[in-house]
Each structure stands twice: as C-alpha cells, then as structure tokens.
Amino acid sequence: MLVERFALNPIGTNTYVIATENKDAFILDPCATDMTPVLTYVQTHQLSVVAVINTHCHFDHVMGNEVIREALGVPLWLHSVELPGLLEAPSMAEQWLGVRIETRAPDRFLQDGEVLDLGDPHDAVSLQVMLTPGHSPGGLCFYDAQAGVLFSGDTLFAGTVGRTDLKGSNSQDLVSSLRDKLWPLPDHTIVYPGHEDETTIGEERMVNPYFHF
Ligand SMILES: [Zn+2]
Ligand SMILES: [Zn+2]
C-alpha cells in the first residue's frame, strides 16, 4: 500500500491518496476547494482512482469531494448516517472558512464490516470499514490488517481523540468506538488520522490519556 498525505486547508485536515503498487487508488477526505496538488499527484503517478471515500462529513473533510468527482468522474462513498452532515457542509464551510463549496449525493453507502478491495490482485489493498461513531454519528475508520494501517478520521489522533462537543457527537459512543474497535488492533498498526501527523496504536496506548481502557 502506498499512502500520500496532503494537508490542504487552514485547519490542517488531511487528504490521503491510498494506492496499490499497480496504481489503483482511493482518495480519502478531499479537504480543500483547490485539490490541484492531489490531482497533479494522481496524474504524475498515472493512478486509476476508483472512488472518493469520506471518513465523515464535517465540512473540512468533504470540501473537495465535487472537485475530485468532476475532474476524475469517480463515485463518492460514505456512511448513510452522515448524510445530514453532508447537507450542512456548505453552510459550515461558508461560516468557518468563508468559502463556497458544493456537495452532491453519494453513489453508495458504506456498511460497517464490509471490505473495500482495491487493485490487482483483487485484494492488493483491503480496507475494512469500521463504524466508529462518537465524534460524528456515522464516522468511519478504514483498516487494512495485511498492511497494518488504520485511517482513523477524527476518531483517534496522535495524543488525543476527536471532539465530542459538536452537533451529532456523543462522548459515550466515542469511548465505545475507541475501546471496542481500535483498542484491540495490534501495536504496530500505523494510524493515519484526519488531522496532523501519523502515529501507531502502540504509541497511543502508551501516551494518549483518552486511549486507556
Ligand atoms: Zn470531524
Ligand atoms: Zn476534521
């Protein structure tokens, strides 16, 4: 698995391009209205993008959804419970960053436990969809056991966890998601969060005061 991170907006949200050696790719959380660096990367590496996927639909994670969809003609996949968030994203983007964005309906809803296979061989990248509500009601993490990689969205960060004081947040749900879904993962798992730098499950087990059970 090849992972490239792009932090493209003023609040440090990460977009990830997740690709196989044979150049099939997902784009996770397009985070800006100007997605030129990601599109240039896709073109330079001649990637074949299969879909845009969202960990959740806070405006900073979906701002570039339509830019990517229009440029590459690819579908959008996310969890159905995030739809109200997607509808609200344009007014939030206007309010917080003063930018106009467009959102459109997704092409497919992702289900807890399903596996998104990418590439040739068919499972060169295998992302298991984990429903991890708490920060947002339909928040997802994506886990590849073979690669030992977790895309944690805004559920788990280096040294902290996602906010639960937002509309649709639930602190009890966040604790359950962290304890039941992420805590059992192996120490060596590399965590690529929705903001800031990568970490590992083992590191967070040692240093993160909110990741303690
Ligand atoms: Zn968020
Ligand atoms: Zn965020």
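Above this text sits the structure in question.
Read on for an overview of the structure. (Residues numbered from 1 in each chain as written. Chains lettered and ligands numbered in written order. Predicted model: local features only at pLDDT ≥ 70, side-chain atom pairs only at ≥ 80, totals over all residues. Heavy atoms only, no water.)

1. Focus: the overall build of the protein
To keep things clear, this is the line we draw: Where helices and strands are cited, they refer to DSSP runs of H or I of at least four residues and of E of at least two residues respectively, numbered from the N terminus. Just to be clear, the radius of gyration here is over C-alpha atoms, and the globule rule we use is 2.2 Å times residues to the power 0.38. Any residue under 20% of the maximum accessible area for its type is buried, any over 50% is exposed, and the rest in between are partly exposed; the area is computed with a 1.4 Å probe on protein chains only. Working rule for contacts: check all heavy atoms of both residues, and any pair within 4.5 Å makes them a contact. The Shrake-Rupley method, run with a 1.4 Å probe sphere, supplies the accessible areas, and residue values consider only the shown protein chains as cover. When charges are counted, Lys and Arg contribute as positive and Asp and Glu as negative, whereas His and the chain ends are disregarded. Note that the charge is assigned to NZ on lysines, CZ on arginines, CG on aspartates and CD on glutamates.
Looking only at helices and strands, one finds six helices and 14 strands in the protein. Taking 213 residues into account, the globule formula puts the C-alpha radius of gyration at 17 Å, and the protein, at 16 Å, falls close to it. Its C-alpha atoms give the protein principal-axis dimensions of roughly 45 × 45 × 30 Å. Expressed as a percentage of its 213 residues, the buried residues of the protein come to 49%. Across the protein, every contact between residues at least 6 apart in sequence was considered, and the portion connecting residues at least 24 apart equals 60%. In the form shown here, the protein has an accessible surface area of approximately 9,600 Å², with 51% of it arising from carbon and sulfur atoms. Counting 11 positive and 29 negative side-chain charges, the protein places the centres of these two groups 5 Å from one another.

2. Digging into the nonpolar core
Here is the rule: Here, nonpolar core refers to any group of buried Ala, Val, Leu, Ile, Met, Phe, Trp, Tyr and Cys residues whose side-chain atoms link them within 4.5 Å.
Among the nonpolar cores identified, the biggest contains 25 residues, and Val-17, Ile-27, Val-38, Leu-47 and Ile-68 are the most heavily contacted of them. Those elements that place two or more of their residues in this core are strand 2 (14–19), strand 3 (24–28), helix 1 (36–44), strand 4 (48–53), helix 2 (59–62), strand 5 (76–78) and helix 4 (83–97). If near-sequence neighbours (up to four positions away) are discounted, Leu-47 is found in contact with Val-17, Ala-19, Lys-23, Ala-25, Tyr-41 and Val-42. The next biggest cluster of nonpolar side chains, apart from the first, holds 18 residues, and it includes Ile-18, Leu-28, Leu-110 and Tyr-192.

3. Brief notes about the pairing of strand 10 (residues 149–153)
What counts here: Any two strands with at least two DSSP-identified bridges between them are counted as paired.
With five of five residues buried, strand 10 lies mostly within the body of the structure. Going residue by residue along strand 10, you find Val-149, Phe-151 and Gly-153 tucked away on one face and Leu-150 and Ser-152 tucked away on the opposite face as well. Sheet topology note: the strand 9 (residues 140–144)/strand 10 ladder contains three bridges and is antiparallel. Residue pairing across strands places Phe-142 opposite Phe-151, the latter belonging to strand 10. As judged from the four bridges shared by strand 10 and strand 13 (residues 190–193), these two strands associate in the parallel manner. Bridge pairing links Leu-150 to Val-191 in strand 13.

4. A closer look at the side chain of Ser-169
Along the polypeptide, Ser-169 turns up in the loop between strand 12 (160–161) and helix 5 (171–182). By relative accessible area, Ser-169 is classed as buried at 18%. Setting aside anything within four residues of it in sequence, one finds Ser-169 in contact with Gly-134, His-135, Arg-163 and Thr-164.

5. Quick look at the coordination of the zinc ion (ligand 1)
By definition of the ideal shapes, a tetrahedral metal site with four donors has angles of 109.5 degrees and an octahedral site with six donors has angles of 90 or 180 degrees. Just so we agree on the cut-off: Nitrogen, oxygen and sulfur within 2.8 Å of a metal are treated as its donors, or within 3.2 Å for sodium, potassium and calcium (Na, K, Ca); water is not counted, so a site can appear incomplete. Note on geometry labels: four donors, all angles 85 to 135 degrees, give tetrahedral; four donors become square planar and six octahedral when opposite donors are over 155 degrees apart and every other angle is between 65 and 115; remaining cases are irregular.
In the first shell of the zinc ion (ligand 1), the protein supplies His-56 (NE2), His-58 (ND1), His-135 (NE2) and Asp-154 (OD), at 2.1 to 2.3 Å from the metal. Metal-centred angles of 89 to 174° between the four donor atoms at the zinc ion (ligand 1) mark the site as irregular. When the donors of the zinc ion (ligand 1) are listed by position in the chain, the intervening gaps give H-x1-H-x76-H-x18-D. In this structure, the zinc ion (ligand 1) lies 3.4 Å from the zinc ion (ligand 2), and both are coordinated by Asp-154. Of the two residues, His-135 is situated in the loop between strand 8 (125–131) and strand 9 and Asp-154 in the loop between strand 10 and strand 11 (156–157); the sequence distance between them amounts to 19 residues. Neither His-135 nor Asp-154 differs from the other in exposure class; each is buried.

6. Observations concerning the pattern of salt bridges
Filter applied, for reference: Take a side-chain nitrogen of Lys or Arg and a carboxyl oxygen of Asp or Glu: if they are within 4 Å of each other, that pair is a salt bridge.
Scanning the model with the defined rule gives twelve salt bridges in all. Among the salt bridges present, the one from Asp-197 reaches Arg-5, with a minimum N-O distance of 2.9 Å. Of this pair, Asp-197 sits in the loop between strand 13 and strand 14 (199–200) while Arg-5 sits in strand 1 (residues 2–7); the two residues are 192 residues apart in sequence, bridging distant segments of the chain. When its relative accessible area of 36% is taken as the criterion, Arg-5 is described as partly exposed. With a closest N to O distance of 3.5 Å, Glu-66 and Arg-104 form a salt bridge. Taken together, the positions of Glu-66 in helix 3 (residues 65–72) and Arg-104 in the loop between helix 4 and strand 6 (108–109) put the pair 38 residues apart, joining distant regions of the chain. Owing to a relative accessible area of 44%, Arg-104 belongs among the partly exposed residues under this scheme. A single salt-bridge network, built from bridges that share partners, covers Glu-66, Arg-69, Glu-70, Glu-102, Arg-104 and Asp-107.

7. What about the sheet that holds strand 6?
In plain terms, the rule: Think of each axis as a best-fit line through the C-alpha atoms, taken over the contacting stretch in the case of a helix, with angles from 0 to 180 degrees between the N-to-C directions.
The six strands lie next to each other as 1-2-3-4-5-6, forming an open sheet whose pairing is mixed. Of all the strands in the sheet, just strand 1 and strand 6 have a single pairing partner and so form its edges. Where strand 3 and strand 4 come together, five bridges link them in parallel fashion. By the bridge assignment for strand 4, Ile-27 is matched with Val-52. Sheet strands in contact with helix 1 are strand 1, strand 2, strand 3 and strand 4, and its direction is about 155° off that of strand 1.

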